[in-house]
Amino acid sequence: GENVEQHPSTLSVQEGDSAVIKCTYSDSASNYFPWYKQELGKRPQLIIDIRSNVGEKKDQRIAVTLNKTAKHFSLHITETQPEDSAVYFCAASASNDYKLSFGAGTTVTVRA
Amino acid sequence: DAGITQSPRHKVTETGTPVTLRCHQTENHRYMYWYRQDPGHGLRLIHYSYGVKDTDKGEVSDGYSVSRSKTEDFLLTLESATSSQTSVYFCAIRGNTEAFFGQGTRLTVV
């Protein structure tokens, strides 16, 4: 089955700096890669996703890049703000089984 | 928020007792999932369903069973609860792409 690895497990950045989280996946059939943000005590919520026919996608201060050959994808947050402090999860899914497998999560802390 | 609710939201139960958690959706989505969330492990898939009566195991399915007799309901049963099953359980629903999560159920096995 799919194995998603996520690094780092914790990340502390100064407000205004950038944050990068990296994930690798094992199943070459995976073609959908979402990122979820979970604030303390709340449910995970989708912040951005990318499909395997696209190499990069941006939404304001958030971007995701995908390297299919190397089987890794990354989340980039620019100009970080205190409200970006949360746990971020990457995930991968293949269209042939729709199983959605998550990484272990990255706790991001933005220092004021 | 997508129409997904979990019940109960909190439960304390004793070791060895059966427990059933319910996930209910109003979105008519085909796919439903049960995850558990533990510190350091992220979201681990227990079981998932791709249609009525169609279910499959995830990576941590031992000690759990599921049933889906209707599109809108996906039940997770701990057959004989153990302390290692103390966790926060999330249900998720999914159409073609984005998955939406329920509010979570905090289960404590004492």
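S.K.: Quick one: what's the story with the overall build of chain A, residue by residue and with numbers?
M.R.: Secondary structure assignment for chain A yields zero helices and 11 strands. The helix and strand sequence of chain A, counted from the amino end, reads β-β-β-β-β-β-β-β-β-β-β. Taking 2.2 N^0.38 as the reference for a compact globule, 112 residues should give roughly 13 Å; the C-alpha atoms of chain A span a radius of gyration of 13 Å, in line with that estimate. Dimensions of chain A, computed from C-alpha atoms along their principal axes, come out at roughly 45 × 30 × 20 Å. The buried share of chain A, taken over its 112 residues, is 46%. Taking as baseline every contact in chain A between residues at least 6 positions apart, the subset at least 24 positions apart corresponds to 52%. Looking at chain A as shown, the accessible area adds up to about 5500 Å², and 45% of this sits on carbon and sulfur atoms. In chain A, 12 side chains carry a positive charge and 13 a negative one; their mean positions are 3 Å apart.

S.K.: Account for the pattern of salt bridges, with residues named and values stated.
M.R.: Residues and elements named next belong to chain A. In total, this model carries eight salt bridges over all chains according to the counting rule given. The salt bridge involving Asp84 is made with Arg61; its shortest N-O contact spans 2.8 Å. In this pair, Asp84 is assigned in the loop between strand S8 (72–77) and strand S9 (86–94) and Arg61 in the loop between strand S6 (56–59) and strand S7 (62–67), connecting sequence segments 23 residues apart. By relative accessible area, which is 6% here, Asp84 ends up buried.

S.K.: Got a sec to walk through the pairing of strand S3 (residues 19–25) of chain A? Specific residues and values, please.
M.R.: Residues and elements named next belong to chain A. Because side chains alternate across S3, one face comprises the buried residues Ala19, Ile21, Cys23 and Tyr25, and the other comprises Val20, Lys22 and Thr24, none of which is buried. For strand S1 (residues 4–7) and S3, the ladder comprises four bridges, and the chain directions are antiparallel. Bridge pairing in S3 links Val4 to Tyr25. In this sheet, S8 lies alongside S3 in antiparallel orientation, the contact comprising six bridges. Pairing of Thr24 across the sheet is with His72, part of S8.

S.K.: Pulling in residues and values, what's your account of the interface of chain B and chain A?
M.R.: Counting residues at the interface gives 23 residues for chain B and 18 residues for chain A. If you sort the residues of chain B by the area they bury against chain A, Leu43(B), Arg94(B) and Phe101(B) come out on top, with a joint share of 28%. Counting across the chain B and chain A interface gives zero salt bridges. Its residues assigned to classes, the side of chain B that touches chain A shows 10 nonpolar, nine polar and four charged.

S.K.: Go over the environment of Thr15(B) with me, naming the residues and quoting the values.
M.R.: With respect to the element layout, Thr15(B) can be found in the loop between strand S2 (10–13) and strand S3 (19–25). Leaving out residues up to four positions away in the same chain, Thr15(B) has contacts with Ala81(B), Thr82(B), Ser83(B), Val109(B) and Val110(B).

S.K.: Quick one: what's the story with the nonpolar core, residue by residue and with numbers?
M.R.: Ranked by internal contacts, the top residues of the largest apolar core, which has 23 residues, are Ile21(A), Tyr25(A), Phe33(A), Trp35(A), Phe73(A), Leu75(A) and Tyr88(A). Those elements that place two or more of their residues in this core are strand S2 (10–14), S3, strand S4 (30–38), strand S5 (45–51), S7, S8, S9 and strand S11 (106–111) of chain A. Among the nonpolar cores identified, the runner-up in size contains 19 residues, and Ile4(B), Tyr89(B), Ile93(B) and Leu107(B) belong to it.

S.K.: Account for the state of the cysteines, with residues named and values stated.
M.R.: This structure, assessed with the given rule, holds two disulfides over all chains. Between Cys23(A) and Cys90(A) runs a disulfide, and the two sulfur atoms are separated by 1.9 Å. Its torsion about the S-S bond being -100 degrees, the disulfide of Cys23(A) and Cys90(A) is classed as left-handed. Placement of the pair is Cys23(A) in strand S3 and Cys90(A) in strand S9, with a sequence separation of 67 residues. Assessed through its relative accessible area of 0%, Cys90(A) is described here as buried. There is a disulfide in this structure between Cys23(B) and Cys91(B), and the S-S distance comes to 1.9 Å. The sign of the -70 degrees torsion about the S-S bond sets the Cys23(B)-Cys91(B) disulfide as left-handed. Separated by 68 residues along the polypeptide, Cys23(B) in strand S3 and Cys91(B) in strand S9 (residues 87–94) bring together distant segments of the chain. Considered together, Cys23(B) and Cys91(B) belong to a single accessibility category, that of buried residues.

Conventions adopted
Counting restarts for each chain, with residues numbered from 1 along the sequence as it is written. All chains are assigned letters beginning at A, and all ligands numbers beginning at 1, according to the order in which they are written. In view of the model being predicted, local features appear only for residues whose pLDDT reaches at least 70, and side-chain atom pairs are presented and counted only at 80 or more, with totals across whole chains, interfaces and linings using the full set of residues. Side-chain measures were taken over the full set of non-hydrogen atoms in the model, leaving aside hydrogen atoms and water. Helix and strand definitions here come from DSSP, where helices need a minimum of 4 consecutive H or I residues and strands a minimum of 2 consecutive E residues; each element is numbered from the N-terminal end. Within these notes, the globule rule equals 2.2 Å times the number of residues to the 0.38 power, and the radius of gyration is based on C-alpha atoms. Note on exposure labels: buried denotes an accessible area under 20% of the residue type's maximum, exposed denotes more than 50%, and partly exposed covers the range between, all computed with a 1.4 Å probe on protein chains only. In what follows, a contact means two residues having at least one pair of non-hydrogen atoms within 4.5 Å. Accessible surface is estimated by sampling points in the Shrake-Rupley manner with a 1.4 Å probe; for residues, cover comes only from the protein chains shown. Charge assignment in this entry is limited to Lys and Arg as positive and Asp and Glu as negative, and neither His nor the chain termini are counted. Every charge is mapped to an atom, namely NZ of Lys, CZ of Arg, CG of Asp or CD of Glu. Salt bridge criterion: a side-chain nitrogen from Lys or Arg within 4 Å of a carboxyl oxygen from Asp or Glu. Strands qualify as paired when DSSP identifies two bridges or more between them. Two parts lose some accessible area (1.4 Å probe) when they are put together, and adding that loss for both gives the buried area. Lys, Arg, Asp and Glu make up the charged group, whereas Ala, Val, Leu, Ile, Met, Phe, Trp, Tyr, Cys and Pro make up the nonpolar group; the residues left over, Gly among them, are polar. The definition of a nonpolar core used throughout is a set of buried Ala, Val, Leu, Ile, Met, Phe, Trp, Tyr and Cys residues joined through side-chain atoms within 4.5 Å. In this description, the term disulfide denotes a pair of cysteine sulfurs within 2.5 Å.

None of this, on its own, says anything about what the molecule does.
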